[in-house]
Amino acid sequence: MNIRKLLALVCAGAITMGMTACTGEKSDPVMTYVPSSENVKPLGRTMVTDDMLWLAFSGSGAEFTVSGTKAEIVIAGDDNAEKPDNEDDKARIAVYVNGERVVDDMIDHAEETYTVFESEAPAECDIKIVKLSETAMSTCAVKSITVEGGEIKPAEKKEHFIEFVGDSITCGYGVDDENRDHHFSTKTEDVTKTYAYKTAEALNADYSMVSISGYGIISGYSDGKKKVANQQLPKYYDKLGFSYGTFKGKKVSSESWDFTGYTPDVIVVNLGTNDESYTKNKEDRIKDYTDSYVEFLKTIRSNNPDSQIICTLGIMGSGLYPYVEQAVQNYTEETGDTKVCAMPFDVQSPDDGYAADWHPTDATHTKAAEKLTAEIKSVMGW
């Protein structure tokens, strides 16, 4: 790193330099970084707060290259991390070194420290931090990255960028628990096994996940008697996330998302599974879903004027898919916007098993990713 740039970052607080006691022996210099966009490539929607990189939505994180002899990462838990009565609602974090997962942990303390790389001789490696669990039940933050004998720099941006808007399927609900009779736990969520993450990987794309379990366009998961209006995903589309908890007293839902942070080439909307538990083939409710879908497409377009939008549904049931197509048609006729299309997912097969609460397994997600990848390639010409 250029010494002038290093000094500028130190002065700005992005790096602190550690001192070693005089022992007569040479020691590697130690630098501690605040994980900002100057030092790391943010993954998904993130925000620096209290000199930490706040992670909320599934898949949010950071990626960077480190050179040196040792790298240490400190993850800060949210305000509920140490509460003993929410073992199934803590953040699950993974850290990858050169593509290999070296950390897979639940954040159940105010801070967790991980030595993710150590070498006698200076070396270079790629490091990626990914929040595996969803936003509603837990948030966390990358507090610091400390390097001995070297430096870090942001990972290179990938060729494409895809945003995925969805519900529990996109979050990876229960994918690590292939027992349909088991229920929700952040311990068994893993966004890297979802159709969304797999699609981004297949297309060499950076990604953002905007997904919350149980949420829909007009209603969250319902017994069919009453609309669950407080679980409408469009309410949080322009936010950093949504969580029942807080981080340093802050709520992610109070933080507006800056849409200039990245520009998706493609936005995939996969919403309707929870709405169907409410609509129940009732004409007035279906019309509410279709009309509200059109309005949500307008919201997406207003914030992403050039993105291709692909609307899909079907993995856990395709009852509302015809009305997804209807919403796309109505929107296009009303606005003249032709960069919106629809694609049905195949309904999950019993042959591929079921994860917790009848959610899709890794095998089902893989098949869905293959279909979506082919669709994006066809639509975008990639």
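This structure is a prediction, so every number in the text was calculated from the model and none was measured.

When you line up the elements, aspartate 352 lands in the loop between strand S16 (340–344) and helix H7 (362–380). Relative accessible area serves as the criterion here: at 17%, aspartate 352 is assigned to the buried category. Within the structure, aspartate 352 has its side chain in polar contact with the side chain of lysine 367 (distance 2.9 Å). Apart from the residues within four sequence positions on either side, aspartate 352 is in contact with Thr361, Ala363, Thr364 and Lys367.

For the rest of this paragraph, the subject is the sheet that holds strand S14 (residues 266–270). Spatially, S13-S12-S14-S15-S16 is the arrangement adopted by the 5 strands of the open sheet, whose pairing is parallel. Each end of this open sheet is capped by a strand with a single partner; those strands are strand S13 (205–211) and S16. Within the sheet, the average angular offset between the axes of one strand and its neighbour, ignoring direction, is 20°. Bridge count for strand S12 (residues 160–166) against S13 is 7 bridges, and the pairing is parallel. Considered in S13, the bridge of histidine 160 is made with alanine 205. The strands touched by H7 are S12, S14, strand S15 (308–313) and S16; relative to S16, the strand with the most contacts, the crossing angle is about 150°.

With that settled, consider H7. Compared with the 27 Å implied by 1.5 Å per residue over 19 residues, the 26 Å span of H7 between its first and last C-alpha is a close match. Among the residues of H7, those classed as buried are Thr364, His365, Ala368, Ala369, Leu372, Thr373 and Ile376. Across the axial projection of H7, the buried residues extend over an arc of 165°, all falling on one side. Facing away from the buried side of H7, by more than 90 degrees, are the exposed residues Glu370 and Ser378. Packing partners of the buried residues in H7 comprise S12, helix H2 (168–171), helix H3 (195–202), S14, S15 and S16. One or two residues past the end of H7 sits glycine 381, with phi positive at roughly 75°.

On to a negative patch on the surface, then. A contiguous patch of negative charge, built from Glu82, Asp85, Glu87, Asp88 and Asp108, is present on the exposed surface. We classify aspartate 85 as exposed; its relative accessible area is 67%.

We now examine the pattern of salt bridges. One pass over the structure, following the stated rule, counts 19 salt bridges. Salt-bridge contacts for arginine 101 lead to aspartate 190; the nearest nitrogen and oxygen are separated by 3.0 Å. Separated by 89 residues along the polypeptide, arginine 101 in strand S8 (residues 100–107) and aspartate 190 in the loop between H2 and H3 bring together distant segments of the chain. According to the relative accessible area criterion, arginine 101 is partly exposed, its value standing at 27%. According to the relative accessible area criterion, aspartate 190 is buried, its value standing at 0%. One salt bridge in this structure joins aspartate 362 and lysine 198, with 2.8 Å as the shortest N-O distance. Of the two residues, aspartate 362 sits in helix H7 while lysine 198 sits in helix H3, which places them 164 residues apart along the sequence. Classification of aspartate 362 by relative accessible area gives partly exposed; the value is 26%. One continuous salt-bridge network, built from bridges that share partners, spans Arg92, Arg101, Asp104, Asp176, Asp190 and Lys193.

How two aromatic rings sit relative to each other is given by the distance of their centres and the angle of their planes. Tallied over the entire structure, the rule returns 15 aromatic pairs. The interplanar angle of 65° and the centroid separation of 6.2 Å between the aromatic rings of tyrosine 215 and tyrosine 236 together place this pair among those described as edge-to-face. Placement of tyrosine 215 in the loop between S13 and S14 and of tyrosine 236 in the loop between S13 and S14 is noted, with a sequence separation of 21 residues between them. Residue classification places tyrosine 236 among the buried residues on the basis of a relative accessible area of 15%. With centroids separated by 6.1 Å and ring planes inclined at 45°, the aromatic side chains of tyrosine 215 and phenylalanine 242 adopt a geometry described as tilted. In this pair, tyrosine 215 is assigned in the loop between S13 and S14 and phenylalanine 242 in the loop between S13 and S14, connecting sequence segments 27 residues apart. With a relative accessible area of 10%, phenylalanine 242 lands in the buried category. Through a chain of ring-to-ring contacts, three or more aromatic side chains come together here, namely Tyr215, Tyr236, Phe242 and Tyr244. Just above the ring of tyrosine 96 sits the side chain of lysine 128; from NZ or CZ to the centre is 5.6 Å. Over the ring of phenylalanine 247 we find lysine 248; its NZ or CZ atom is 5.9 Å from the centre of that ring.

Quick notes on the rules
- Residues numbered from 1 in each chain as written.
- Predicted model: local features only at pLDDT ≥ 70, side-chain atom pairs only at ≥ 80, totals over all residues.
- Heavy atoms only, no water.
- Helix = DSSP H or I, 4+ residues; strand = E, 2+ residues; numbered from the N terminus.
- Buried < 20%, exposed > 50% of the residue type's maximum accessible area, 1.4 Å probe, protein only.
- Polar contact = N/O pair within 3.5 Å; in protein donor to acceptor, adjacent residues only side chain to side chain.
- Contact = heavy atoms within 4.5 Å.
- Pairing = 2+ DSSP bridges.
- Axes fitted to C-alpha atoms, helices over the stretch in contact; angles between N-to-C directions.
- Expected span 1.5 Å × (residues − 1).
- Arc of directions from axis to C-beta.
- Patch = residues over 30% accessible without salt bridge, like charges linked within 9 Å, V, L, I, M, F, W, Y side chains within 5 Å.
- Areas by Shrake-Rupley, 256 points an atom, 1.4 Å probe, with all protein chains shown as cover.
- Salt bridge = Lys/Arg side-chain N within 4 Å of Asp/Glu carboxyl O.
- Lys, Arg positive; Asp, Glu negative; His and termini not counted.
- Charge placed at Lys NZ, Arg CZ, Asp CG, Glu CD.
- Phe/Tyr/Trp six-rings, centres within 6.5 Å; stacked < 30°, edge-to-face > 60°.
- Lys NZ or Arg CZ within 6 Å of the ring centre and 35° of its normal.

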